[in-house]
Amino acid sequence: MKDQLKREIQLKKTPKRIISLVPSQTELLVDLGLEASIVGVTKFCVHPKHLRISKAVVGGTKQINLEKIKALRPDIILCNKEENTKEIIESLEAIAPIHISDIYNLEDCFELITMYGEIFNIKRTTSTLVANIQLEREAFQLQYQDIDKLKVAYFIWKKPWMVAASDNFIDAMITEAGFINSYSNEKRYPEIDLNDPKLKEADLIFLSSEPFPFKEAHVVELQSKFPEKTIKIVDGELFSWYGSRLLKSYSYFQTLH
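Everything numeric in this text was worked out from a predicted model, so none of it was measured.

### Concerning the pairing of strand β5 (residues 98-101)
Moving on, step 1. The alternating pattern of β5 places Ile98 and Ile100 on one face and His99 and Ser101 on the opposite face, and all of these are buried.
Moving on, step 2. Bridge count between strand β4 (residues 76-80) and β5: four bridges; the pairing is parallel. Bridged to Cys79 within β5 is Ile100.
Moving on, step 3. Crossover connection from β4 via helix α4 (residues 86-92) to parallel β5: handedness right-handed.

Take a look at the structure:
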């Protein structure tokens, strides 16, 4: 069995003790019926809310408590290439098999969900979830296929101002939502100046609710600089969480048009 980095994973049996170091993957596990098998999560695993009370919190996505993880005797540890550091993954390799996800688009999401179906022996559940997300996607695309696509600048941070450009999952979701990313010719998460010409070209400015918690005061601040643009706070989870939360993304995208 391989993960999304094509690393071989040796599993002798279906894992029954799972540690997840990725919030969206933790939520996915719960929605796949695997909550009882989860033994450890991060402090950022906020969905469902009760999980951080009922399960051991082993740190964040960038810093972990290695001894706590060892003591939980996991059968598998679920990580993500972007969210977890190489150092974290190397430090965990002696403890348990590690599955690393690597997500850039919807097809990667479907592949990850399918992999979990195989790993945890729940293929029927995972194939149903993938099919339901695809139905949501197709219904949205049918409704919005003929609209004129507006250009969006999607901010993820302030001080410095940073936007989501190409080569990441948010960029794919901007496209899924029926918009054009103003920064699609740049890579990853560039720092920008508010006088940036690409920003001036954008029809819309989206301020994500995470990782930086943009508030209405920031909308007012930018509106004074760009009075002709539509500026709104958007739900960052529905643009950046992959897994079962995708079921909610497309109905949310409708509200943005």
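Having seen it, we continue.
### Looking at the environment of Ile53
Moving on, step 1. Structurally, the position occupied by Ile53 is in helix α2 (residues 51-54).
Moving on, step 2. The sequence separation of Ile53 and Lys151 amounts to 98 residues, and the corresponding C-alpha distance is 42 Å.

### Observations concerning the environment of Thr175
Moving on, step 1. Mapped onto the elements of the fold, Thr175 is located in helix α7 (residues 169-176).
Moving on, step 2. Considered as a pair, Thr175 and Lys149 are 26 residues apart in the sequence and their alpha carbons are 9.3 Å apart.

### Here we look at the sheet that holds β5
Moving on, step 1. Taking strand neighbours across the sheet as the criterion, the five strands line up as β3-β2-β1-β4-β5 in an open arrangement whose pairing is parallel. At either end of the open sheet lies a strand with only one pairing partner, and these are β3 (56-57) and β5.
Moving on, step 2. Of the pairings in the sheet, the one linking strand β1 (residues 18-20) to β4 comprises three bridges and is parallel in character. Paired with Ile19 across the bridge in β4 is Ile77.
Moving on, step 3. Contacts from helix α5 (residues 106-119) reach β4 and β5, with the element oriented near 160° to β5.

### Considerations on the side chain of Ser20
Moving on, step 1. Topologically, Ser20 is positioned in strand β1.
Moving on, step 2. A polar contact is formed between the side chain of Ser20 and the side chain of Thr26, at a distance of 2.7 Å.

### Description of the packing of aromatic side chains
Moving on, step 1. The tally for this structure, following the rule as stated, stands at 15 aromatic pairs.
Moving on, step 2. An angle of 75° between the planes, with centres 5.7 Å apart, marks the rings of Tyr116 and Phe120 as edge-to-face. Comparing Tyr116 with Phe120, the two get one shared label, buried.
Moving on, step 3. When the ring of Phe169 is compared with that of Tyr242, the centres are 5.9 Å apart and the planes differ by 90°; the resulting orientation is edge-to-face. With a gap of 73 residues between them, Phe169 in helix α7 and Tyr242 in the loop between α10 (236-240) and α11 (246-254) connect regions that are remote in the sequence.
Moving on, step 4. A residue is classified by how much of its surface remains accessible, and Tyr242, at 5% relative accessible area, is buried.
Moving on, step 5. In textbook terms, an aromatic cluster arises when at least three aromatic residues are bridged by ring pairs, as seen for Phe140, Tyr144, Tyr154, Phe179, Phe206, Phe239, Tyr250, Tyr252 and Phe253.
Moving on, step 6. Of note, Lys225 hangs over the ring of Phe226, and the distance from its end group to the ring centre comes to 6.0 Å.

Thresholds, definitions, all that
Residues numbered from 1 in each chain as written. Predicted model: local features only at pLDDT ≥ 70, side-chain atom pairs only at ≥ 80, totals over all residues. Heavy atoms only, no water. Buried < 20%, exposed > 50% of the residue type's maximum accessible area, 1.4 Å probe, protein only. Helix = DSSP H or I, 4+ residues; strand = E, 2+ residues; numbered from the N terminus. Pairing = 2+ DSSP bridges. Right-handed = clockwise from strand over helix to strand, strands pointing away. Contact = heavy atoms within 4.5 Å. Axes fitted to C-alpha atoms, helices over the stretch in contact; angles between N-to-C directions. Polar contact = N/O pair within 3.5 Å; in protein donor to acceptor, adjacent residues only side chain to side chain. Phe/Tyr/Trp six-rings, centres within 6.5 Å; stacked < 30°, edge-to-face > 60°. Lys NZ or Arg CZ within 6 Å of the ring centre and 35° of its normal.

In short, geometric facts, not functional conclusions.
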